[in-house]
Amino acid sequence: RYLRFVLYKECMDTIEVIQFLSKRLHLSAKDFSYAGTKDRRGFTSQFLVVRNATVNKILGINKLTPESGSGGVVRQVKVSNIE
């Protein structure tokens, strides 16, 4: 019922990523759990837990590309270590 994975992100804060993922994966933002938010300007990784999603659905995140941020900053989201 729950999957834990590592989320790698560039130039996005955690809230933005959760909103992006919930919209693209057709899940509620409440289905995601995380401990704290990470810096928007950094290249960061953190654990996330998602409820009611399949491994294939989560792996599909690696094919998604968020729109460029302000100033043409390229944003990126990748997942790994799904358990």
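Rules of the game
- Numbers given for residues are sequential positions, taken from 1 along each chain in its written order.
- Only residues with pLDDT of at least 70 are given local features in this predicted model, and only at 80 or more are side-chain atom pairs given and counted; all residues enter the totals for whole chains, interfaces and linings.
- As a convention, hydrogens and water are excluded, and side-chain values are obtained from all of the structure's heavy atoms.
- A pair of Phe, Tyr and Trp rings is counted when the ring centres sit within 6.5 Å of each other, with Trp represented by its six-membered ring. The angle between the planes then sorts it: under 30 degrees is stacked, over 60 is edge-to-face, the rest tilted.
- Both a distance and an angle decide whether a charge sits over a ring: NZ of Lys or CZ of Arg must be within 6 Å of the ring centre and within 35 degrees of the ring normal.
- In this text, buried Ala, Val, Leu, Ile, Met, Phe, Trp, Tyr and Cys residues form a nonpolar core when linked through side-chain atoms within 4.5 Å.
- Three exposure classes are used, based on accessible area relative to the maximum for each residue type with a 1.4 Å probe and protein chains only: buried under 20%, partly exposed in between, and exposed over 50%.
- Elements are defined by DSSP. Helices are runs of H or I of four residues or more, strands are runs of E of two residues or more, and each kind is numbered from the N terminus.
- Here the term cavity refers to a set of points on a 1 Å grid, laid over the protein atoms alone, in which a 1.4 Å probe fits but cannot get out; the term pocket refers to an open set having protein on both sides within 12 Å along at least five of seven lines, with lining residues being those that place an atom within 4 Å of a point.
- Grid points are joined across faces, edges and corners, and a volume is the space filled by probe spheres set on the points.
- When residues are sorted by character, Ala, Val, Leu, Ile, Met, Phe, Trp, Tyr, Cys and Pro go into the nonpolar class, Asp, Glu, Lys and Arg into the charged class, and all the rest, Gly among them, into the polar class.

Undergrad: Account for the packing of aromatic side chains, with residues named and values stated.
TA: Considering all chains together, one arrives at 0 aromatic pairs under this definition. The lysine or arginine in question, Arg4, covers the ring of Phe47, its NZ or CZ lying 4.3 Å from the ring centre.

Undergrad: A description of the nonpolar core should follow, citing residues and the corresponding values.
TA: Core analysis: the largest hydrophobic core is formed by 19 residues, its most contacted members being Phe5, Leu7, Leu21, Phe32, Val50 and Ile58. For this core, the elements supplying multiple residues, two or more each, are strand E1 (2-10), helix H1 (14-25), strand E3 (43-51) and strand E4 (76-80). A total of 5 residues in this core trace back to one element, the largest contributor, which is H1.

Undergrad: Could you give an account of unusual backbone geometry, with specific residues and numbers?
TA: A negative phi angle characterises most non-glycine residues, just as the trans form characterises most peptide bonds. Phi at His26 takes a positive value of approximately 60°, unusual for a residue other than glycine. Looking at the element boundaries, His26 is found in the loop between H1 and strand E2 (32-33). Residue His26 is classed as exposed on the basis of its relative accessible area of 70%. Of note in the backbone geometry, Asn81 takes a positive phi value of approximately 50° without being a glycine. For Asn81, the location among the structural elements is in the segment after E4. Asn81 gets classed as exposed once you look at its relative accessible area, which sits at 54%.

Undergrad: Describe the layout of surface pockets, and please don't skip the residues or the numbers.
TA: Quantified by volume, the largest pocket comes out at close to 180 Å³. A per-class count over the lining of the largest pocket returns 3 nonpolar, 1 polar and 5 charged.

Undergrad: Any details on the environment of Arg41? Residues and values, ideally.
TA: Relative to the helices and strands, Arg41 is located in the loop between E2 and E3. The sequence separation of Arg41 and Arg24 amounts to 17 residues, and the corresponding C-alpha distance is 23 Å.

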